[in-house]
Amino acid sequence: MNLEMVENAISRAVPVEIPGLGKYEPYVSPFAYLQRQLTPTRKNFPLNPREPRHDKVTDDIKKAVERSGLEDGMTISFHHHLRNGDAVIPTILKTLDEMGFKNLTLAPSSLPDSHDMVAGYLRNGLVSRLFSSGARGEVGKAISAGELDIPVVLRSHGGRARAVEQGDIPIDVAFLAAPACDKYGNMTGSSGRSACGSLGYAQVDARHARHVIAVTDNLQDYPLRPRISIPQYLVDQVLVIDSIGDPSKIATGAARISRNPVDLRVARNAFDLIAASGLLINGCSFQVGAGGASLAVAVYVKEYMAAKKIKGAFGLGGMSGYMIEMLEQGYFEAMLDTQSFDKAVTDSMTRNPNHIEIDASCYANPFNKGCVAHNLDTVVLAALDIDVNFHVNVQTGHDGVLRGAIGGHQDTAAGAKLAVIVAPSFRGGVPTIKESVTTVCTPGETVDAFVTERGICINPRREDLLKLARDARLPVKDIRDLKAEVEKMTGVPDLPEFDRSRVVAVVENRDGTLLDSVYKVRG
């Protein structure tokens, strides 16, 4: 597929139009959308009135699919709150394949490591278009090898919410895992044997999909109580299956606090910078990403807040057990939760009224009337690599193959007063700082600092932060100097080889413009 390409404001070549997807605009700047004359509009499917006491419940997956009106070429969505424990995507896709569907657009909020089976459905034609926050494992390998004719669209969580509300992702049928659900479709993620906590991504899909199917293994008496995350008037059917997943697999891999000494040194340096910034004061707000070193920063933040008797206003985003401990011990007034990172969090919202479930649009949609990410003081985020212009890559590995997810990375970096990227200076002998990252997922102009175990690099745009860091005698280094220091030990790695005539995926900025293109890997 030969595409007409144009260079965007950060010198990345992006397509102006993709057959099967439509026209695109190149990225300009983080908030260029505020200067546009066009007013974004919200699109919805029609209302769907039903007779009183309409029976919504079935245990027959194929019957539920037939009732939904799903046809070849339509768009289906799922949420990933059960992460690697999710059983709904495999169960539903297997059934759709058996029913002979073709050319569906798969639009989950993300795809975890455990969903390698999706690669087979990309190859056999069940799925011909994929919209996601991430692509890992066999799915990432299949995309990077050019096995899809139409490039995959990769979006942030806020960008996806915007795209759903604007109609860029027109969801025909949403299959929403419901850990607890009653016969009319009232559902929550905070109770049941498969409890996964917040349903923040599913809430957006439920409001905007043409047809919503609650998929549950825990049918409760009507009305569901004491908590409802998605109300019955948004739900068309209730599908009861044996199991929607295993919540013990929610907290795997990146979502655990690291015990690695290098990661802990990185976390300590990041905390020292945050403390020096002066943002850790009464009424502060804070978010950490899912990476182990990022989560470890929270440990140091808690110790500091205890010593200084500081009480923050809120914590935000994906919620770990440690952040909920900070809420319960009084370090924050509230936690605003779009996604729960471990099983220990799942019933907290039922117990604690200050653990507040918010949807992905409220979290980070840049086009609504005010998302919480824009009220954030400090965010700590992980990275696969970063370049000398502070552009961050969280999608492609050193071999150029897709293996990560954007999540809320670019949303919170854009919205926070202080966006700190943390990573070891090298992994497996490969340096983290590149002259130019393979894939830009978060533009450098939204990143304030990059922190490693060997030092802290401040974006030259933040002269104020540089002064504060130097006044605090922190180990500040120019990012090019740190790059050279590390490369003396590791050498300069060979770059992956790409077929640049073949775009296999595009990275959207949260406003829908294109940040970068991902190319087919040679070999």
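These numbers come from a predicted model, not from an experiment.

Enquirer: Tell me about the packing of aromatic side chains, residues and numbers included.
Expert: Taken as a whole and assessed by the stated rule, the structure comprises 6 aromatic pairs. Between F78 and F175, the ring centres sit 5.5 Å apart and the planes meet at 15 degrees, which makes this aromatic pair stacked. Of the two residues, F78 sits in the loop between strand 6 (75-77) and helix 2 (88-98) while F175 sits in strand 10 (residues 173-178), which places them 97 residues apart along the sequence. Comparing F78 with F175 shows no difference in burial state: the two are buried. Here the aromatic rings of Y184 and Y222 are separated by 4.9 Å at their centres, their planes lie at 80 degrees, and the arrangement is edge-to-face.

Enquirer: Any details on empty space enclosed by the protein? Residues and values, ideally.
Expert: The probe, sized like a water molecule, is rolled over the atoms to show the empty space still left. Considering all chains together, one arrives at 2 cavities of 30 Å³ or more under this definition. Of the volumes computed, that of the largest cavity is approximately 50 Å³. Lining the largest cavity are A107, P108, S109, F131, S132, S133, V153, R155, S156, R160 and I169. For the lining of the largest cavity, the residue count by class is 5 nonpolar, 4 polar and 2 charged. Computed from the structure, the second largest cavity encloses a volume of approximately 30 Å³. A breakdown of the residues in the lining of the second largest cavity according to their chemical character gives 4 nonpolar, 3 polar and 1 charged.

Enquirer: Tell me about the packing of helix 5 (residues 157-166) against helix 6 (residues 200-208), and name the residues and values.
Expert: Where helix 5 contacts helix 6, the axes come no closer than 10 Å and their chain directions differ by 10 degrees. With respect to helix 6, the element helix 5 is oriented roughly parallel. Within the contact between the two elements, helix 5 uses H157, R160, A161, V164 and E165 and helix 6 uses Y201, V204, D205, R207 and H208. Classifying every residue of the contact of helix 5 with helix 6 gives 4 nonpolar, 2 polar and 4 charged.

Enquirer: If you had to explain the state of the cysteines to someone new, which residues and values would you point to?
Expert: For the coordinates displayed, the defined rule picks out 0 disulfides. Counting only cysteine sulfurs, C196 is the nearest neighbor of C181, a cysteine outside any disulfide, at a range of 12 Å. On the basis of relative accessible area, C181 is assigned to the buried category, the value being 0%. Cysteine C371 is unpaired, with the sulfur of C362 as its nearest cysteine sulfur at 8.1 Å. Residue C371 is classed as buried on the basis of its relative accessible area of 2%.

Enquirer: Just give me the short version of the layout of surface pockets, but keep the residues and values in it.
Expert: Put simply, the second largest pocket is a space of about 690 Å³. Contributing to the lining of the second largest pocket are 25 residues, with R36, R162, Q166, D168 and D511 lying nearest its centre. Of all the secondary-structure elements, those providing two or more residues to the lining of the second largest pocket are strand 4 (22-23), strand 8 (127-132) and helix 5.

Enquirer: Give a detailed account of the environment of A505, specifying residues and quantitative values.
Expert: For A505, the position within the fold is in strand 29 (residues 498-508). Given the relative accessible area of 0%, A505 is considered buried. Distance in space between the C-alpha atoms of A505 and P247 is 31 Å, their sequence separation being 258 residues.

Criteria and cut-off values
Residues numbered from 1 in each chain as written. Predicted model: local features only at pLDDT ≥ 70, side-chain atom pairs only at ≥ 80, totals over all residues. Heavy atoms only, no water. Phe/Tyr/Trp six-rings, centres within 6.5 Å; stacked < 30°, edge-to-face > 60°. Helix = DSSP H or I, 4+ residues; strand = E, 2+ residues; numbered from the N terminus. Buried < 20%, exposed > 50% of the residue type's maximum accessible area, 1.4 Å probe, protein only. 1 Å grid on protein atoms, 1.4 Å probe; cavity = no way out; pocket = protein on both sides within 12 Å on 5 of 7 lines; lining within 4 Å. Points joined across faces, edges and corners; volume = space filled by probe spheres on them. Nonpolar A, V, L, I, M, F, W, Y, C, P; charged D, E, K, R; others polar. Axes fitted to C-alpha atoms, helices over the stretch in contact; angles between N-to-C directions. Parallel < 35°, antiparallel > 145°, perpendicular 65-115°, else oblique. Contact = heavy atoms within 4.5 Å. Disulfide = S-S within 2.5 Å.

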